[in-house]
Amino acid sequence: MWDIILQASNDILFDPNTLLLMGIGVIAGLLTGAIPGFTIAMGVVLTLPFTFGMSATQGVATMIGVFVGGLSGGLMSGMLTGIPGTPSSVATTFDGFPMARNGKPGLALGLGVWSSFFGGIISAILLVALAPQLAVLGLEFGPWDYFSLILFSLTITASLSGKALLKGMIAGILGLFFATAGEDPINGMARFDFGWDPLLQGFAFLPVLIGLFAFSQLLSDIEDSKQARRPLLEKSMSAARIEHRQAIKMIFARWGNLIRSSLIGVFTGVLPAAGSSISNILAYDQAKKAAPDDNTFGSGDPDGIIAPEAANNATAGGSLITMMALGIPGDVVTAVMIGALMIHDIVPGPSFISDQPVLAYSVFIAFFLAHFMMVGTQALTLRLFLFATRSPMYILAAIILAYCSIGVFSLHNVQFDMWVMLGFGVIGYTLRKLGFPLAPMILGVVLGKIAELNLSRALSISDDMTLFLSRPWSLFFLILAIFSFSFPWYQEAIKLKRQWASYFIPFAMTGLALPLFLMQGSIRPILAVGLIFAALFIFWKTWKKNKLEKIRSKKDKNLNEKKT
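This one's a predicted model, so the numbers in the text were calculated from it and none came from an experiment.

The rules we used
Residues numbered from 1 in each chain as written. Predicted model: local features only at pLDDT ≥ 70, side-chain atom pairs only at ≥ 80, totals over all residues. Heavy atoms only, no water. Helix = DSSP H or I, 4+ residues; strand = E, 2+ residues; numbered from the N terminus. Buried < 20%, exposed > 50% of the residue type's maximum accessible area, 1.4 Å probe, protein only. Areas by Shrake-Rupley, 256 points an atom, 1.4 Å probe, with all protein chains shown as cover. Arc of directions from axis to C-beta. Axes fitted to C-alpha atoms, helices over the stretch in contact; angles between N-to-C directions. Parallel < 35°, antiparallel > 145°, perpendicular 65-115°, else oblique. Left-handed = near helix turned anticlockwise from the far one by under 90°. Contact = heavy atoms within 4.5 Å. Nonpolar A, V, L, I, M, F, W, Y, C, P; charged D, E, K, R; others polar. Salt bridge = Lys/Arg side-chain N within 4 Å of Asp/Glu carboxyl O. Expected span 1.5 Å × (residues − 1). Patch = residues over 30% accessible without salt bridge, like charges linked within 9 Å, V, L, I, M, F, W, Y side chains within 5 Å.

### Observations concerning the overall build of the chain
Turning to step 1, where the next piece is worked out: A tally of regular secondary structure across the chain gives 26 helices and two strands.
Turning to step 2, where the next piece is worked out: A burial count over the chain gives 56% of its 564 residues as buried.
Turning to step 3, where the next piece is worked out: Roughly 25000 Å² of accessible area belongs to the chain as shown, and the carbon and sulfur atoms make up 68% of that amount.

### Observations concerning helix α12 (residues 244-253)
Turning to step 1, where the next piece is worked out: For α12, every residue scored as buried is listed here: A247, M250 and I251. Considered in projection along α12, the buried side chains sweep an arc of 100° and stay on one side of the axis. More than 90 degrees from the buried face of α12, the exposed residues found are R245, K249 and A253.

### Digging into the packing of helix α4 (residues 56-81) against helix α5 (residues 92-101)
Turning to step 1, where the next piece is worked out: One way to put it is that α4 packs onto α5 with a least axis distance of 6 Å and a crossing angle of 55°. In this view, α4 runs oblique relative to α5, as classed from their interaxial angle. Helix-helix and strand crossings are classified by hand; for α4 and α5 the assignment is right-handed. Contacts from L75, G78, M79, L80 and T81 of α4 reach α5 at T92, T93, G96, F97 and A100.
Turning to step 2, where the next piece is worked out: Across the contact of α4 with α5, the residue classes break down as five nonpolar, five polar and no charged.

### Re the environment of A314
Turning to step 1, where the next piece is worked out: Mapped onto the elements, A314 comes out in helix α15 (residues 303-326).
Turning to step 2, where the next piece is worked out: Between the C-alpha atom of A314 and that of L126, which follows or precedes it by 188 residues, the distance is 9.5 Å.
Turning to step 3, where the next piece is worked out: In this structure A314 touches G119, G120, S123, S262, G265 and V266, once residues within four positions along its chain are discounted.

### Focus: the pattern of salt bridges
Turning to step 1, where the next piece is worked out: In the structure shown here, the tally under the stated rule is three salt bridges.
Turning to step 2, where the next piece is worked out: Among the ionic pairs, E452 bridges to R191, the shortest N-O distance being 2.2 Å. Of this pair, E452 sits in helix α21 (residues 439-461) while R191 sits in strand β2 (residues 190-191), and the two are 261 residues apart along the sequence. A single burial state applies to E452 and to R191, both of which are buried.
Turning to step 3, where the next piece is worked out: D303 is paired through a salt bridge with R254; the nearest N and O atoms lie 3.6 Å apart. Placement of the pair is D303 in helix α15 and R254 in the loop between α12 and α13 (255-270), with a sequence separation of 49 residues.

### Things to note about helix α7 (residues 143-154)
Turning to step 1, where the next piece is worked out: With twelve residues, α7 should cover 16 Å at 1.5 Å per step; its first-to-last C-alpha distance of 16 Å lies within 8% of that length.
Turning to step 2, where the next piece is worked out: Within α7, eleven of the twelve residues are buried, which leaves the element mostly enclosed by the surrounding structure.
Turning to step 3, where the next piece is worked out: Every buried residue of α7 is accounted for by P143, W144, D145, Y146, F147, S148, L149, I150, F152, S153 and L154.

### Side note on a nonpolar patch on the surface
Turning to step 1, where the next piece is worked out: A cluster of nonpolar side chains, namely I222, Y394, I395, I399, Y403 and I406, defines an oily patch on the protein surface of about 550 Å² accessible area.
Turning to step 2, where the next piece is worked out: Per-element accounting of the nonpolar patch gives the leading share, five residues, to helix α19 (residues 393-412).
Turning to step 3, where the next piece is worked out: Tracing the backbone through its elements, the reader meets I399 in helix α19.
Turning to step 4, where the next piece is worked out: For I399, a relative accessible area of 43% corresponds to the partly exposed category.

Rendered as structure tokens:
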């Protein structure tokens, strides 16, 4: 074991060429992630041809550098301009951008960088320790389970809508509607194409994302001529100093959110095709639900930055687990990595770690090292990004729009994608003005196609709808979806001190214990028993508390009657 670790360390840590290539990869990833329209997958794909002449260790290490750098690079543009550089940074903009505009860009960026670092390190530890065990979960999921997972994810629209619940639901439905345009993923049936060939491919996610977020934000920023001449951030240079120490202290003070979000990221990464575009929104939603006061979310709450950034970097570790243990790509990036390994006659799979132990441990070490490189590199370059935001808004808007257009066009090399960006930019701007939240619409567009694909697969295998309830994982996510959808009403009932709200959590725990009982193995039924006992304990404590409050209120009422 130790000789393998030493050999892998020698290939990564003590090889100057590998270190140099990894450093270049991290910088390339940061730049790719920071530019709206340039995805992480695009950066890794562009890196692939350069790995042909490298060894397998150097090639994978370089791509891991691009991967980690890209996941963290998206927070720069998201926080400074309100435009997420990558889909994995969508939720980061919800609180990162308001905090930066409130005069704390250094703190916002510091929270993002260090949350990404700690989330990545937690996932790296789990990658090394739990790779064979966690990867088995991916084999248990069928299309029924994936559809229920996506259905649960769609219930997050209720949380992302804030007080405008009806408008948020409408925006989410609009997103799902736009996701249905184009050919059916299973049968190839054309829908909503209106006889126009470009619409047969549907709306690509990237132009929609950039249009809704970037173009609509730019239109809002330059609609007033005076506002267009102002810089995006008007604070002095001292405000641009990154507050590393304060950011680390704030993250450690919220260690529960950090660990929870990192575990969400790892779990999402383990599921093939889920990815960081889902995990960052899931983590944000759970952080908002766990907060004592969720009204601060959307206005610069630190928890709203820590959760998505910890989750998206942790997703990388989860996707590497499935790649190394099963040979299943967790996302597009790991699919490219599998292709790079196959060029060197190495096929990842269940026997990968035992057949290629040195390369496997090289991946572990490279993933750890890439996060340290990311912190060091980003800390040196963030000042340049902050300085750039002090240009007049109309100049910055023109540059950003040019980069967005290049990125969108380079996706498929078709002009239609640029018109999609323009069209959804106008839609996004209109919805903003009418008070509709854009996040639920983005969620609908992202998850709609995945939900439809898995529903079609499930029904093509069997038309028995009871499979959605009889399969344990599917039932687990459906129960979770019910409680997640009703959570905003529960929060409102807590504020109004409704008695039924005090029983919400124990009922949720009892409901989730049922599918755990149905799962294979001995650990999950034990967890189910633990959940039931915990629910009974909370139920008893709540009943006792409510009974004491009734007795107290009755005594107070009797005293008042005697006084009168």
